[in-house]
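Fold and contact review
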Amino acid sequence: MRKVEPLFTALEGYNTWFTGLRREQSKSRIHLEPAADFKLPSGKVLRKISPLAEWSTRDVWQYMKQHEIPRLPLYERAIPALGASRARRCR
């Protein structure tokens, strides 16, 4: 409710949605396509682009190292994803 509804409302003004989702992140994303149509609750259809869909965690870390992208401080504190940890607590 606090995450998805505002996102879908904001997407109403666009025709394309770029995400950083990857297939290996969860079982529910295993069939994630690099590009697919996505229907909002309003019925509007937009193009959802997931350029990292086929990337592994190793690919991400290698890219970060190659391009000297600093890691977020949360990773240093062993907190990989706030949304994921919150979702586990809410189940």
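Calculation criteria
- Residues numbered from 1 in each chain as written.
- Predicted model: local features only at pLDDT ≥ 70, side-chain atom pairs only at ≥ 80, totals over all residues.
- Heavy atoms only, no water.
- Pairing = 2+ DSSP bridges.
- Helix = DSSP H or I, 4+ residues; strand = E, 2+ residues; numbered from the N terminus.
- pLDDT = per-residue confidence, 0-100.
- Contact = heavy atoms within 4.5 Å.
- Buried < 20%, exposed > 50% of the residue type's maximum accessible area, 1.4 Å probe, protein only.
- Polar contact = N/O pair within 3.5 Å; in protein donor to acceptor, adjacent residues only side chain to side chain.

A few points about the pairing of strand E2 (residues 35-39)
Sheet topology places E2 next to strand E3 (residues 45-49); 5 bridges connect them, and they run antiparallel. Within E3, the residue paired with Lys39 across the bridge is Val45. Remark: 5 residues form the turn of the hairpin made by E2 and E3, two consecutive strands paired antiparallel; Gly43 in that turn has positive phi of roughly 105°.

So, the confidence of the model for the chain
Across the chain, pLDDT averages 87, with 86% of residues at or above 70. Confidence drops under a pLDDT of 50 for residues 85-91, and excluding neighbours within four residues, the segment shows 1 contact in the predicted structure.

Looking at the environment of Arg47
By the secondary structure assignment, Arg47 is in strand E3. Here Arg47 falls in the partly exposed class, since its relative accessible area comes to 35%. In this structure the C-alpha to C-alpha distance between Arg47 and Ala36, which are 11 residues apart in sequence, comes to 5.8 Å. Residues in contact with Arg47, not counting those within four places in the same chain, are Asn15, Thr16, Trp17, Ala35, Ala36 and Asp37. A distance of 3.0 Å separates the side chain of Arg47 from the side chain of Asp37, its partner in a polar contact.

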